[in-house]
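Commentary on secondary and tertiary structure
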There are 2 protein chains.
Amino acid sequence: MAQDKRQVDAITARDVDFAQWYTDVCTKAELIDYSSIKGMFIYRPYGYAIWENIQKELDKRFKETGHENVYLPMLIPESLLQKEKDHVEGFAPECAWVTVGGSEKLEERCCIRPTSETLFCEHYKNIIHSHRDLPKLYNQWCSVLRWEKTSRPFLRHREFLWQEGHTMHATEEEAREETMRMLNIYADFMENVLAMPVLKGRKTDKEKFKGAEETYTVECMMHDKKALQAGTSHYFGDGFARAFDITFTGSDNQLHHPHQTSWGVSTRMIGGIIMTHGDDNGLVLPPRIAPIQVIVIPVAQHKPGVTDAAQDLLSRLQAAGVRAKIDVSDKAPGWKFAEYEMRGVPVRVEIGPKDMEKGQCCLARRDTGEKTFVPLAELESAVAALLDDIHHNMYAMAKANLDANTFQAETWEEVKETLEAHSGGFVRTKWCGDLACELAMKDKVGVSSRCMPLEQSGTTGKCPVCGKECATDIIWGVAY
Amino acid sequence: MAQDKRQVDAITARDVDFAQWYTDVCTKAELIDYSSIKGMFIYRPYGYAIWENIQKELDKRFKETGHENVYLPMLIPESLLQKEKDHVEGFAPECAWVTVGGSEKLEERCCIRPTSETLFCEHYKNIIHSHRDLPKLYNQWCSVLRWEKTSRPFLRHREFLWQEGHTMHATEEEAREETMRMLNIYADFMENVLAMPVLKGRKTDKEKFKGAEETYTVECMMHDKKALQAGTSHYFGDGFARAFDITFTGSDNQLHHPHQTSWGVSTRMIGGIIMTHGDDNGLVLPPRIAPIQVIVIPVAQHKPGVTDAAQDLLSRLQAAGVRAKIDVSDKAPGWKFAEYEMRGVPVRVEIGPKDMEKGQCCLARRDTGEKTFVPLAELESAVAALLDDIHHNMYAMAKANLDANTFQAETWEEVKETLEAHSGGFVRTKWCGDLACELAMKDKVGVSSRCMPLEQSGTTGKCPVCGKECATDIIWGVAY
């Protein structure tokens, strides 16, 4: 055993260096590895398993609301990307370009998709002819490329995994409903599965998706009080449909352009999970998404019957539908405790000779560290209740962080003072709607607009920059 | 209704023009659409749903045998691809190359992965150090690019969806076991889920994967008596490990190179399903993979209670875990029957006023066209039994085609005559092992070696080309 002895590598303390803490968690919990291309990461089994669970949960919700999955090519001819003016301006500067196929230079270069609106429009033009062909409710699971200059695991990759929904509707009303339906599905998923409270709102024109009429967002607050844009849902009107000449014959026998939406979330959410819930001991995973919900660890496993008793608990948990594993390796229990804590496993079940005598086992929860003893007969119900309780507690802690660090201010100077006084957070002000004032906030305070929250106060007040009387509430913050 | 009236588009007869029949089925059953880039196809909802069912079934089998999913970058730097000599020679000529990222020319160009051995090796070098790190049993679901000159839906795409398993083992024996384990999982899956009988064998050196020591294959016979290579499993020895300098400390405290495998199947299997089972009325889907297993169609649905009765059957089937749908649109029943036949739905359930009176419904099976009436109370058990029976019948029909068109011959002239007499098929001969004789068969007969079957006769005989006495059985055929 000596030659393989290994201590859990120390993780930088979260409040000493948050960025280093984050990188430590990503690599030491074996979520990610670096590849030889800058900004392109390897999703390791534990990190990918989180994504698989996210996919399963979201895919179910997409299908329940009538969406179908498709797969479109990864390459976009340059002329196709250029069909919608705002869109190409937004994405062309960060595309990776294929110029050679086999041994021949291509007649027209192609980019690897940074997003697939143009490809979907080309396909929709082929298959939409009548109002009977609508709505089209498509989704695609894939990876996309954006040739970013800086990168961080999960938060900013040159290649990342995501889903992109693309839908076409007969009317503006239906398309607007879809835009909000998907935003609400994202919000519900993040709160009820990832235990991440969200702020729902609309992006300013400066921050919206290039080519969209309106972009809606779910914004989350990380432990360091910075914002993470965790998902977006876009309403396109008929702009792309016009650019791509997509029409359908309505029940009125006239030609119309369909109305379009798109919406997406990515592996960036895994970065959000880490930065929302993690602590100095490493990762803390929300139970509903954790690849391992319960780790069973026998204590004094050389004693007769201990390993069998632990295996029995494992079988019972698995039979109850819990994602449970056991560690019967020859490492010391203390090493194992630290290892699975670092990897964020929500519940540890311990059993040793003394527990067996008493007909009990020990449940240790990752979020609070608290230990309780439960009679063996109550294992399944106790674990199920504990997993639920952990979810709710994690959500409550994240919500407390969001609430405690969301402030109100009236002038840009107040915004600045507030953020300095609290080392970050979200600040709510009024906004006149002018781009100049939005840019001034970046310039004077160093914040960007996160969103105009869907829940507006309805009062009027003054723009913090120009002082003009206005009604719109807006949230400012520093974002990842 | 008149304006939307549409007949099911005619499909070219299978025996008139098999290639056109195939394309008709792919497009008219809405499995696939063309994109603006030659050879890059769009997987439409119905085609993609077949792939999702394939993924679900295979992924379960992979995980049950200890494999974990990962995701590696889609780009390979040219120098990385070049590390293994045979491998780069095999793949470089058909790579798509990224030369520009953002607005800058890349210092080193990257290809989009045609397969990921090199990327896995780079990663394995980082994470394999001790015998305790072995085995590594990884799989990846992704798309790959091969810049082919010709293309056909599902059979030959420039971009196609697949899974690629990549494993590392401490010993040759373990790696060889893994190679065969995965081959057998593929064979079992194809036979018991896709209803496609397979021929298992080893590829000749000419036909093996570039860089592998040995390639094993599952070959299937299509309705037109051509072969489809439906899946491969490769044993690499430690060739890549040496090229990439991957070592581990064994329990003997010495440095060793691990032994490697890779294995893959792709959406090409969907082409195999179509060409194995389809008929003049279109697609015939194996029940265990069909996105819609049962379509419920009310007859005379304007009569009181009919639609409700049909809905009730739908609910019961769905509750019993059957993938069932209903069509209550205003199209005529005859149109619906033809449409779902063309789309290959295994079972149609009809119910009309007369059936309701008699307390029965009608089950029509797609494979034989046979109709039976069953008492409503027996719906679930009758449908379950019928789906099973359809699977077995489809397998038996495909097996009969394989057996009836597999021949034996002794000389190349006999091979030629046999294939001409039967318009195709597989021919089994002896083979001396010489590349020259294998090439001569291509030249003189127009066939390639499909595989050396795992089940060898154990007898000796003469090579059909050079006449040398030899023991190896080999199968020749024309392949997709």
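The following refers to the structure shown. (Residues numbered from 1 in each chain as written. Chains lettered and ligands numbered in written order. Predicted model: local features only at pLDDT ≥ 70, side-chain atom pairs only at ≥ 80, totals over all residues. Heavy atoms only, no water.)

Considerations on the overall build of chain A
A count of helices and strands for chain A gives 14 helices and 25 strands. The principal-axis extents of the C-alpha atoms in chain A amount to approximately 80 × 55 × 45 Å. The buried share among the 480 residues of chain A stands at 58%. For chain A, contacts bridging at least 24 residues in sequence account for 68% of all contacts bridging at least 6. Just so you have it, chain A exposes about 18800 Å², and 48% of that area is on carbon and sulfur atoms. Once the 58 positive and 71 negative side-chain charges of chain A are each reduced to a mean point, those two points are 3 Å apart. (Helix = DSSP H or I, 4+ residues; strand = E, 2+ residues; numbered from the N terminus. Buried < 20%, exposed > 50% of the residue type's maximum accessible area, 1.4 Å probe, protein only. Contact = heavy atoms within 4.5 Å. Areas by Shrake-Rupley, 256 points an atom, 1.4 Å probe, with all protein chains shown as cover. Lys, Arg positive; Asp, Glu negative; His and termini not counted. Charge placed at Lys NZ, Arg CZ, Asp CG, Glu CD.)

With respect to the nonpolar core
A:I54, A:L75, A:M190, B:L75, B:I112 and B:M190 are the most contacted members of the largest nonpolar core, which totals 148 residues. Excluding anything up to four places from it in sequence, B:M190 contacts B:A195, B:M196, B:V198, B:V218, B:C220, B:A230, B:G231, B:V265 and B:M269. (Core = buried A, V, L, I, M, F, W, Y, C linked by side-chain atoms within 4.5 Å.)

Some words on the interface of chain B and chain A
With 56 residues of chain B in contact, the opposing surface of chain A contributes 56 residues. Surface buried jointly by chain B and chain A totals about 4800 Å² across both partners, of which 55% is contributed by carbon and sulfur atoms. Linking chain B with chain A are four salt bridges. Linking A:D330 and B:R132 is a salt bridge whose minimum nitrogen-to-oxygen distance equals 3.3 Å. Summed over the shared surface of chain B and chain A, the number is 27 residue pairs in polar contact (both at pLDDT 80 or more). (Buried area = accessible area lost by both parts, 1.4 Å probe. Salt bridge = Lys/Arg side-chain N within 4 Å of Asp/Glu carboxyl O. Polar contact = N/O pair within 3.5 Å; in protein donor to acceptor, adjacent residues only side chain to side chain.)

Side note on the sheet that holds strand β21 (residues 426–431) of chain B
In a beta sheet, neighbouring strands pair by backbone hydrogen bonds and run either parallel or antiparallel. Residues and elements named next belong to chain B. With respect to topology, eleven strands assemble into an open sheet ordered β3-β7-β8-β14-β11-β10-β9-β22-β25-β21-β20, the strand pairing being mixed. Strand pairing shows two members of the sheet lacking a second neighbour, β3 (68–69) and β20 (406–408), which therefore form its edges. In the packing of helix α5 (residues 117–127) onto the sheet, contacts are made with β7 (136–145), β8 (159–169), β11 (227–237) and β14 (259–266), and the angle to β7 comes to roughly 145 degrees. (Pairing = 2+ DSSP bridges. Axes fitted to C-alpha atoms, helices over the stretch in contact; angles between N-to-C directions.)

Structural notes on the side chain of A:Q293
Residue and element names in this part refer to chain A. With respect to the helices, strands and loops of the structure, Q293 is situated in the loop between α8 (268–277) and β15 (294–298). At 2.9 Å, the side chain of Q293 and the backbone oxygen of P287 are in polar contact. If sequence neighbours within four positions are ignored, Q293 has contacts with P287, R288, G321, V322, R323, V345, P346, V347 and L387.

Digging into the packing of aromatic side chains
Summed over the entire model, instances satisfying the criterion amount to 30 aromatic pairs over all chains. Ring plane angle 55 degrees and centroid distance 5.3 Å describe the contact between B:Y34 and B:F41, whose orientation is recorded as tilted. On the numbers, 6.2 Å between centres and 10 degrees between planes, the contact of B:F240 with B:F244 is stacked. Residue B:F240 is classed as buried on the basis of its relative accessible area of 0%. We classify B:F244 as buried; its relative accessible area is 3%. Here a set of aromatic residues connected by ring pairs shows up, and it is made of A:W51, A:F62, A:W141, A:Y186 and A:W263. (Phe/Tyr/Trp six-rings, centres within 6.5 Å; stacked < 30°, edge-to-face > 60°.)

Looking at the pairing of strand β10 (residues 214–221) of chain A
Residues and elements named next belong to chain A. The element β10 is extensively covered by neighbouring structure, given that eight of its eight residues are classed as buried. Covered by surrounding structure in β10 are E214, Y216, V218 and C220 together with T215, T217, E219 and M221, the residues of both alternating faces. Both strand β9 (residues 199–202) and β10 contribute to a ladder of four bridges, which runs antiparallel. When the sheet's bridge partners are listed, R202 is paired in β10 with Y216. Bridge count for β10 against strand β11 (residues 227–237) is eight bridges, and the pairing is antiparallel.

So, the packing of helix α9 (residues 306–319) of chain B against helix α12 (residues 379–404) of chain B
All names here are of chain B. In the contact formed by α9 and α12, the axes pass within 10 Å of each other and the chain directions differ by 60 degrees. Here the hand of the crossing between α9 and α12 comes out right-handed. Touching L313, R316 and L317 of α9 are L379, E380 and V383, all from α12. Of the residues assigned to the contact of α9 with α12, the class counts are four nonpolar, no polar and two charged. (Left-handed = near helix turned anticlockwise from the far one by under 90°. Nonpolar A, V, L, I, M, F, W, Y, C, P; charged D, E, K, R; others polar.)

What to know about a negative patch on the surface
Residues A:E410, A:E413, A:E414, A:E417 and A:E420 make up a contiguous surface patch of negative charge. Within the fold, A:E420 resides in helix α13 (residues 412–422). (Patch = residues over 30% accessible without salt bridge, like charges linked within 9 Å, V, L, I, M, F, W, Y side chains within 5 Å.)

A short note on the packing of helix α1 (residues 18–28) of chain B against helix α8 (residues 268–277) of chain B
Residues and elements named next belong to chain B. Contact pair α1 / α8: the axes reach a minimum separation of 11 Å and the direction vectors enclose 120 degrees. Judged by the angle between their axes, α1 and α8 are oblique. Considering how the two elements wind past one another, α1 and α8 form a crossing that is right-handed. Counting all contacts with α1, which are made through F18, W21, Y22, V25 and C26, the residues of α8 involved are G271, I274 and M275. Along the lines of polarity and charge, the residues of the contact of α1 with α8 split into seven nonpolar, one polar and no charged. (Parallel < 35°, antiparallel > 145°, perpendicular 65-115°, else oblique.)

Some details on the relation of the copies chain B and chain A
Expressed as a screw transformation, the operator carrying chain B onto chain A has a rotation angle of 180 degrees and an axial translation of 0.0 Å, and the superposed copies differ by an RMSD of 0.0 Å. Read as a symmetry element, the transformation amounts to a two-fold axis. Distance from the rotation axis, computed per C-alpha, reaches its smallest value in chain B at B:V98: 2.1 Å. Same-surface contact between copies: 100% of interface residues of chain B are shared with the interface of chain A. (Least-squares fit on C-alpha atoms with pLDDT ≥ 70 in both.)

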